[in-house]
Amino acid sequence: MKTWIAVWNILKKDMRTYYLKPPNLSWGIIFPLAWTSMFFIKSGSGFGDIRAILPGVVALSILFGTTSMLAVTVTFEKKGRSFERLLLAPLPLEALMLAKTAGAIVMGVANAFVPMLMAAFFVDLSSVIWWQIAAAVALIAVSSTFLGLFIAVSVREVFEAQTFSNFFRFPMVFLCGLFFPIANLPVFLRPLSYALPLTYGADVLHGSVNGTAQRPVSLNLVLLAGFCVVLFLISLRNVRKKWIT
Amino acid sequence: MPSTSEPRSHAEAAVEVRGLAKRFGEVEAVAGIDFEVGEGEFFGFLGPNGAGKTTTINMLTGLARPDQGVIRIAGIDCSRNPKAAQHLMGVVPDESNLWPELDGFENLCFCGALYGMARRSREKRARELLETVGLADAARRRFGGYSKGMKRRLTIAAGIIHLPRILFLDEPTTGIDVASARHIRRVIADLNAGGTTIFLTTHYIEEAERLCGRIAFIVEGRLVRVDSLANLVRDVQDRRVVQLALGRDPAEMLGPLRQTFPGIEFEPVTGDALRAHTAHTLPLAPLIRFFEERGVDVTEANVIRPSLEEVFVCITGVALDRMRKEKEQSKRDGGVT
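On a predicted model such as this, the values are computed, not experimentally measured, just so you know.

Side note on the interface of chain A and chain B
Reasoning step 1: The interface is formed by 28 residues belonging to chain A together with 32 residues belonging to chain B.
Reasoning step 2: Overall, the association of chain A and chain B removes approximately 2,700 Å² of surface from exposure, summing both partners, and the carbon and sulfur fraction of that is 57%.
Reasoning step 3: A per-residue breakdown of the area chain A buries against chain B is headed by A:Arg81, A:Arg85 and A:Leu88, which together make up 29% of the total.
Reasoning step 4: In this structure, B:Glu95 engages A:Arg81 in a salt bridge whose closest nitrogen and oxygen atoms are separated by 3.2 Å.
Reasoning step 5: Counting every contact that joins chain A to chain B gives 13 residue pairs in polar contact (both at pLDDT 80 or more).
Reasoning step 6: Looking at the side of chain A that touches chain B, the elements with two or more residues in it are α1 (3-19), α3 (50-79), α4 (82-88) and α10 (217-243) of chain A.

A closer look at the packing of helix α5 (residues 93-120) of chain A against helix α6 (residues 130-154) of chain A
Describing two packed helices takes the angle between their axes plus the distance from one axis to the other.
All names here are of chain A.
Reasoning step 1: One can describe the packing of α5 onto α6 by two numbers: an axis separation of 8 Å at closest approach and a directional angle of 135 degrees. Of the possible angle classes, the one that applies to α5 and α6 is oblique. The hand of the α5/α6 crossing is right-handed. Every residue of α6 that contacts α5 at Met97, Leu98, Thr101, Ala104, Ile105, Gly108, Val109, Ala112, Phe113 and Met116 is listed here: Trp130, Ile133, Val137, Ala138, Ala141, Val142, Thr145, Phe146 and Leu149.
Reasoning step 2: For the contact of α5 with α6, the class distribution of residues is 16 nonpolar, three polar and no charged.

Considerations on the sheet that holds strand β7 (residues 166-170) of chain B
All names here are of chain B.
Reasoning step 1: Reading across from one edge, β6-β7-β8-β3-β9-β10 is the order of the six strands in this open sheet, with mixed pairing throughout. What marks the edges here is a single partner per strand, and that holds for β6 (89-92) and β10 (222-228). Averaged over all neighbouring strand pairs, the angle between strand axes comes to 15 degrees, with direction disregarded.
Reasoning step 2: Looking at chain direction, strand β9 (residues 214-219) and β10 are connected through six bridges and run antiparallel.

Overview of a positive patch on the surface
Residues and elements named next belong to chain A.
Reasoning step 1: Taken together, the side chains of Arg156, Arg237, Lys241 and Lys242 make up a positively charged region of the molecular surface.
Reasoning step 2: Structurally, Arg237 is set in helix α10.
Reasoning step 3: For Arg237, a relative accessible area of 51% translates into the label exposed.

What to know about the sheet that holds strand β1 (residues 13-24) of chain B
All names here are of chain B.
Reasoning step 1: With respect to topology, four strands assemble into an open sheet ordered β2-β1-β4-β5, the strand pairing being antiparallel. Pairing within the sheet leaves two strands with one partner each, and these edge strands are β2 (27-38) and β5 (76-77).
Reasoning step 2: Pairing analysis gives two bridges linking strand β4 (residues 68-73) to β5, with the strands arranged antiparallel. Across the sheet, Arg72 pairs through a bridge with Asp77, a residue of β5.
Reasoning step 3: Seen against the sheet, helix α1 (residues 53-61) touches β1, β2 and β4 and runs at an angle of roughly 120 degrees to β1.

Overview of the environment of A:Val155
Residue and element names in this part refer to chain A.
Reasoning step 1: Its place among the elements puts Val155 in the loop between α6 and α7 (158-175).
Reasoning step 2: Here the alpha-carbon distance between Val155 and Leu63, two residues 92 residues apart in the chain, equals 19 Å.
Reasoning step 3: Beyond its immediate sequence surroundings of up to four residues, Val155 is in contact with Thr75, Glu160, Ala161 and Phe164.

Focus on the pairing of β10(B)
Reasoning step 1: In terms of burial, β10(B) is a largely internal element, five of the seven residues being buried.
Reasoning step 2: Here β9(B) folds back onto β10(B), and the loop between the two strands holds two residues, one of which, B:Glu220, carries a positive phi near 50 degrees.

Considerations on helix α9 (residues 197-210) of chain A
Reasoning step 1: The end-to-end C-alpha distance of α9(A) is 20 Å, a good match for the 20 Å that 14 residues give at a rise of 1.5 Å each.
Reasoning step 2: Among the 14 residues of α9(A), 13 are classified as buried, and the element is accordingly described as predominantly covered.

Things to note about the domain arrangement of chain B
Residues and elements named next belong to chain B.
Reasoning step 1: Each domain of chain B was delimited in the assignment, giving domain 1 (13-234) and domain 2 (235-332).
Reasoning step 2: The straight-line distance from the C-alpha centre of domain 1 to that of domain 2 is 32 Å.
Reasoning step 3: Of the residues lining the interface, 24 residues belong to domain 1; the matching set on domain 2 comes to 20 residues.
Reasoning step 4: Regarding the contact of domain 1 and domain 2, the summed buried area is about 2,100 Å², with carbon and sulfur atoms giving 62% of it.
Reasoning step 5: Seen at the junction of domain 1 and domain 2, the total is zero salt bridges.
Reasoning step 6: In this structure, the connection of domain 1 to domain 2 is made through zero residue pairs in polar contact (both at pLDDT 80 or more).
Reasoning step 7: Elements with a contribution of two residues or more to the side of domain 1 that touches domain 2: α6 (205-211), β9, β10 and α7 (229-236).
Reasoning step 8: The leading source of residues in the side of domain 1 that touches domain 2 is α7, at five residues.
Reasoning step 9: Taken together, the residues of the side of domain 1 that touches domain 2 sort by class into twelve nonpolar, five polar and seven charged.

What to know about a nonpolar patch on the surface
Residues and elements named next belong to chain A.
Reasoning step 1: On the surface, Leu117, Phe121 and Phe122 cluster together into a nonpolar patch covering about 400 Å² of accessible area.
Reasoning step 2: With respect to the secondary-structure elements, Leu117 resides in helix α5.
Reasoning step 3: What makes Leu117 exposed here is its relative accessible area of 58%.

Examining the packing of α5(A) against α10(A)
All names here are of chain A.
Reasoning step 1: Following both chains from N to C, one finds α5 and α10 inclined at 110 degrees, their axes separated by 11 Å at the closest point. Between α5 and α10, the angle is such that the two are roughly perpendicular. Considering only the axes of α5 and α10, their crossing is right-handed. In this structure, α5 uses Leu93, Glu94, Met97 and Leu98 to contact α10, whose residues at the interface are Phe232, Leu236, Val239, Arg240 and Trp243.
Reasoning step 2: Tallied by class, residues from the contact of α5 with α10 come to seven nonpolar, no polar and two charged.

Topic: the pattern of salt bridges
Reasoning step 1: Taken as a whole and judged by the stated rule, the model has 28 salt bridges over all chains.
Reasoning step 2: Residues B:Arg125 and B:Glu128 are paired through a salt bridge, measuring 3.9 Å at the closest nitrogen-oxygen approach. You can see B:Arg125 and its partner B:Glu128 sitting in helix α3 (residues 119-132), three residues apart, about one turn around the helix.
Reasoning step 3: For B:Glu128, a relative accessible area of 35% translates into the label partly exposed.
Reasoning step 4: When salt bridges that share partners are traced, they join A:Lys13, A:Asp14, A:Glu77 and A:Lys100 into one network.

Thresholds, definitions, all that
- Residues numbered from 1 in each chain as written.
- Chains lettered and ligands numbered in written order.
- Predicted model: local features only at pLDDT ≥ 70, side-chain atom pairs only at ≥ 80, totals over all residues.
- Heavy atoms only, no water.
- Contact = heavy atoms within 4.5 Å.
- Buried area = accessible area lost by both parts, 1.4 Å probe.
- Salt bridge = Lys/Arg side-chain N within 4 Å of Asp/Glu carboxyl O.
- Polar contact = N/O pair within 3.5 Å; in protein donor to acceptor, adjacent residues only side chain to side chain.
- Helix = DSSP H or I, 4+ residues; strand = E, 2+ residues; numbered from the N terminus.
- Axes fitted to C-alpha atoms, helices over the stretch in contact; angles between N-to-C directions.
- Parallel < 35°, antiparallel > 145°, perpendicular 65-115°, else oblique.
- Left-handed = near helix turned anticlockwise from the far one by under 90°.
- Nonpolar A, V, L, I, M, F, W, Y, C, P; charged D, E, K, R; others polar.
- Pairing = 2+ DSSP bridges.
- Patch = residues over 30% accessible without salt bridge, like charges linked within 9 Å, V, L, I, M, F, W, Y side chains within 5 Å.
- Areas by Shrake-Rupley, 256 points an atom, 1.4 Å probe, with all protein chains shown as cover.
- Lys, Arg positive; Asp, Glu negative; His and termini not counted.
- Charge placed at Lys NZ, Arg CZ, Asp CG, Glu CD.
- Buried < 20%, exposed > 50% of the residue type's maximum accessible area, 1.4 Å probe, protein only.
- Expected span 1.5 Å × (residues − 1).
- Domains from an automatic or database assignment.

What follows is the structure, given as structure tokens:
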């Protein structure tokens, strides 16, 4: 059995039938634009503020792009029972779940570079540490996608996937230090911040764009990678428990 | 212990099941069943709705985890690792579950890729299968736009794209048009003639009678009989079955009928008809008089050749007509049984 043929074709099919559809592509452009405009309007400042809000917009573009897309597509296939065909294929479950998540990860990474590209037209990004950006974007995309997988395994209906995604996403946005420093949060909320993968991704992004990281980059990246592994293993266990009953 | 008849081939069982059991909470879906399916055999797995047929197929194919028991597919122990023999199996579930946004050809190629087939070989096989199932002209139409019968035919093609040694078919012809059902039966029979082992569940008893060499009956999760078709039908050859066409629904007369004729089994069938089964001489004149006294005209009386249907009714105690209606209604409602 040539596993790579199955994995590659699952990724190709998902890209074609879900992720590269015009509504998704336009979402990838409109979403960062909307967030950027919102922060400009709120702050009332000029282009100089772009660097300050760039890490936030990048992280949100990935988070919202990956979680909802994966949760919705998997729930859609579960509902139509076509997902059963994937489970019946002689493919290790780990490979199957990686194939199903790969499309969302690719789209998450692509979404992240839309605001970066837009920002490059208005401000000088020459001091940005690109390898750190690339590592953070990749790991945020992976962890957010696995969060989407966790959500997909927990719900039955497509609308549930959407609402359940928001249950995680909105608190994450405000608790991860992207827009408000964690030090400014009430003391009882801070432990929650440190339990979120996005907190560590946001810190790397802040550090690489503005030089304002709170923790060493290597520690952030290791913790973020740890979250990816844990979320993937939890999702795999849930898939075995709930979908192979 | 159910009565059994040996599978056709003794060389190596295509499917071997020992003490297979599965519970869903308080419900015992499958209660420790044992059977074997020989290599190249056409095996029917029959039972009333909710008897445990689909749960058994799900356990055999790796979609459900058994609580107990041993499953061997072509000698490979799949009890703990259901993935171990999935490359040998083709599965046609009770619902046509391909990808609606892909066309017929793409769906088949994608299913071939899931089994690791190289691009050229899966495309060649997809073209052949589209011809076989009569969908060559619809190859480039989206699956979502197919009729029910077309969807079913393509789902069967998807199940055999990788040339499986064993094909599991769960209700392959339920709820589709007659022409498609005939086409599907022909394709399945040809596959079996070519050496593929077939494991079929169906509630169309005549379909099982026409296709299967051996049949297992499952009732409330227990195998009550596994035997060859010839042996099963031999048992009911002495039975007398008469179908009476009545002017009205016989349901309300069933009680008095059973009281008056205790040695006869009565089963309402489609329309206003009633079937009477007995192992003894059937007292036709008193039966007709019974209806006449209640103002019901017996417009027709036909002697029915004893068939697998009688075997099913005797073994499971379930009226087939009712079961069929329930199943078709469940399909229309989108339910799973």
